[in-house]
Amino acid sequence: MEYLRIIAFTHKQIDLKSLGKLVICEQTLDDRLKNIQEQLNVKEIFYVGTCNRVEFIFTSSSVLDAEFITRFLTVLDMGLPEEYMEQFVANVSTYEKVAAFNHLLRTSCSLESLVVGEKEILAQIRKAYESCRLAGFTGDYMRTMMDRVVKTAKEVYTLTNISKNPVSVVSLAYRKLRDLNMCAKSRVLIVGAGETNHNIAQYLKKHTYSTFSVFNRTLEKAEQLAAELHGKAYTLDDLENYTEGFDVIVTCTGATAPIITDEIYKKLLLGDVTKKVIVDLAIPNDTAPEILSKYPVHYIEVESLKEIARKNIQERYNELVNAEQIIEQNIQEFDLVLRQRKIEIAMSSVPQKIKEIKHTAINGIFADEINGLDDKSKEVLERVMNYMEKKYISVPMVMAKEILVKNS
């Protein structure tokens, strides 16, 4: 774990509206991470962006001081104004070596989440890692590490009560919406067809809401969610020309600028002056700020859920202790796993070397003697050689691992 590094920007130090300026859209992620690898001598890296955190998990020999963080953000090229750059550098959380692994485990087990005990964060981290793995940004070390991350999180969720009666940002948002006593026939516009909106839509459907219109950048994903809700599907471009009215907007996209602008919102109202509901779980927010001051709106956003989340942490405090014990045990075990993996990598060429020795012996050094044997003798010799080959490959590996365990 010597070279493991994490740069984290979270809801604990940075307000969510500012945090949204660090969210990277999918279309530019590969180019930005490639620049980081090339210009900062980073070997493996993946990026996690959720509703309350932006984190970069990577391997590097660099020290994570203010100079490195500034350069990191500069290479990312997010177009940050100077005042934001200073704010992020001053409020960044950095982790190195074992502390970095501990942080990743705590995050994956939801101990660092806005709502402790919610399981969505593990799925988000796995998805983020998998995306970067497929793009070639991670290798064997990150693969081994993520195996342990998933194992640890599953143990925490299974062996503790931290996720008992699970509460998530989505469920908290729905509770606030439910408290408004909206009619089940309310017309609901769902903007974005990602995991968050999919989850909240299931809450709405379960509680008898039935009139849905789903808007998404790609029509196919909108159609999939609309089919589940027995609603209608549209592209995101269709939003400004939608003329069927609405009572509730639920929005969560990966856009870096407001999707629901003042102009679009005015068109959606069709002259309706009654108070509407907007549930905006996007970071940065999908709703333009001026809408909140110009129109009567019940506005539910992630920031407003913080106080509820704080109480949630207090209620689950005892389970945090149990979860931390599981995490500590897995950190100790993982150190041994890493050392064993180093042995495997170091000895990965042994099988090929043994095969080459066998080939030289049969076809070179002892070729004449072997050719003089009858078929039965050749068959026995081949079986003996194959047996010896397997043992010469497996026995040193097993012995090396046993010695490592005994000396730990």
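Above this note sits the structure.
No experiment lies behind these values; they were computed from the predicted model shown.

Caption draft 1: Looking closely at the packing of aromatic side chains. Applying the stated rule across the entire model yields 15 aromatic pairs. Between Phe9 and Phe88, the aromatic rings sit 5.8 Å apart at their centres with planes inclined by 70 degrees, giving edge-to-face as the arrangement. Taken as a pair, Phe9 in strand E1 (residues 4-10) and Phe88 in helix H4 (residues 82-91) lie far apart in primary sequence, 79 residues in all. With respect to class, Phe9 is no different from Phe88; both count as buried.

Caption draft 2: Fine view of the pairing of strand E3 (residues 53-59). E3 sits mainly inside the fold: 7 of its 7 residues count as buried. Residues Arg53, Glu55, Ile57 and Thr59 point to one face of E3 and Val54, Phe56 and Phe58 to the other, with burial holding for every one of them. Bridge count between E1 and E3: 7 bridges; the pairing is antiparallel. Looking at the pairing, Ala8 lines up with Glu55 of E3.

Caption draft 3: Expanded view of the sheet that holds strand E2 (residues 45-49). Across the sheet, which stays open at both edges, the 4 strands sit in the order E2-E3-E1-E4 with antiparallel pairing between neighbours. Among the strands making up the open sheet, the edge pair consists of E2 and strand E4 (93-96). Neighbour-to-neighbour, the strand axes of this sheet turn through a mean angle of 10 degrees, independent of strand direction. Here E2 pairs with E3 via 5 bridges, running antiparallel. The residue bridging Tyr47 from the neighbouring strand is Phe56, located in E3. Packing of helix H5 (residues 97-108) onto the sheet brings it into contact with E1, E3 and E4, and relative to E1 it is tilted by some 50 degrees. Of the strands in this sheet, E2 and E3 touch helix H6 (residues 120-134), which is tilted by about 140 degrees from E2.

Caption draft 4: Highlighting the layout of surface pockets. Looking at the largest pocket, its volume works out to about 1,400 Å³. Taken together, 44 residues line the largest pocket, and the ones lying closest to its centre are Glu26, Gly49, Lys127, Thr253 and Gly254. Residue assignment for the lining of the largest pocket shows that the elements contributing at least two residues are helix H2 (26-40), E2, H6, helix H8 (169-178) and helix H9 (195-206). Examining the composition of the lining of the largest pocket, we find that 7 residues originate from one element, H6, more than from any other. Partitioned by chemical class, the residues of the lining of the largest pocket number 20 nonpolar, 15 polar and 9 charged. Considered as a void within the structure, the second largest pocket measures approximately 480 Å³ in volume. Lining of the second largest pocket is provided by 18 residues; of these, Tyr3, Lys43, Glu44, Thr59 and Tyr141 occupy positions nearest its centre. The dominant element in the lining of the second largest pocket, judged by the number of residues it contributes, is helix H14 (residues 317-346), at 4 residues. Among the residues forming the lining of the second largest pocket, the class breakdown is 6 nonpolar, 6 polar and 6 charged.

Caption draft 5: Fine view of the pattern of salt bridges. Using the criterion set out here, one finds 18 salt bridges in the structure. Measuring nitrogen to oxygen at the nearest pair gives 3.6 Å for the salt bridge that ties Glu240 to Lys267. Pair noted here: Glu240 is in the loop between strand E7 (232-235) and strand E8 (248-251) and Lys267 is in helix H11 (residues 262-269), with a separation of 27 residues, a long-range link. Two residues, Lys294 and Asp262, come together in a salt bridge whose shortest N-O distance is 2.7 Å. With a gap of 32 residues between them, Lys294 in helix H12 (residues 289-294) and Asp262 in helix H11 connect regions that are remote in the sequence. Classification of Asp262 as buried rests on a relative accessible area of 18%. Residues joined by salt bridges that share partners form a network here, namely Lys12, Arg106, Glu112 and Glu324.

Criteria and cut-off values
Residues numbered from 1 in each chain as written. Predicted model: local features only at pLDDT ≥ 70, side-chain atom pairs only at ≥ 80, totals over all residues. Heavy atoms only, no water. Phe/Tyr/Trp six-rings, centres within 6.5 Å; stacked < 30°, edge-to-face > 60°. Helix = DSSP H or I, 4+ residues; strand = E, 2+ residues; numbered from the N terminus. Buried < 20%, exposed > 50% of the residue type's maximum accessible area, 1.4 Å probe, protein only. Pairing = 2+ DSSP bridges. Axes fitted to C-alpha atoms, helices over the stretch in contact; angles between N-to-C directions. Contact = heavy atoms within 4.5 Å. 1 Å grid on protein atoms, 1.4 Å probe; cavity = no way out; pocket = protein on both sides within 12 Å on 5 of 7 lines; lining within 4 Å. Points joined across faces, edges and corners; volume = space filled by probe spheres on them. Nonpolar A, V, L, I, M, F, W, Y, C, P; charged D, E, K, R; others polar. Salt bridge = Lys/Arg side-chain N within 4 Å of Asp/Glu carboxyl O.

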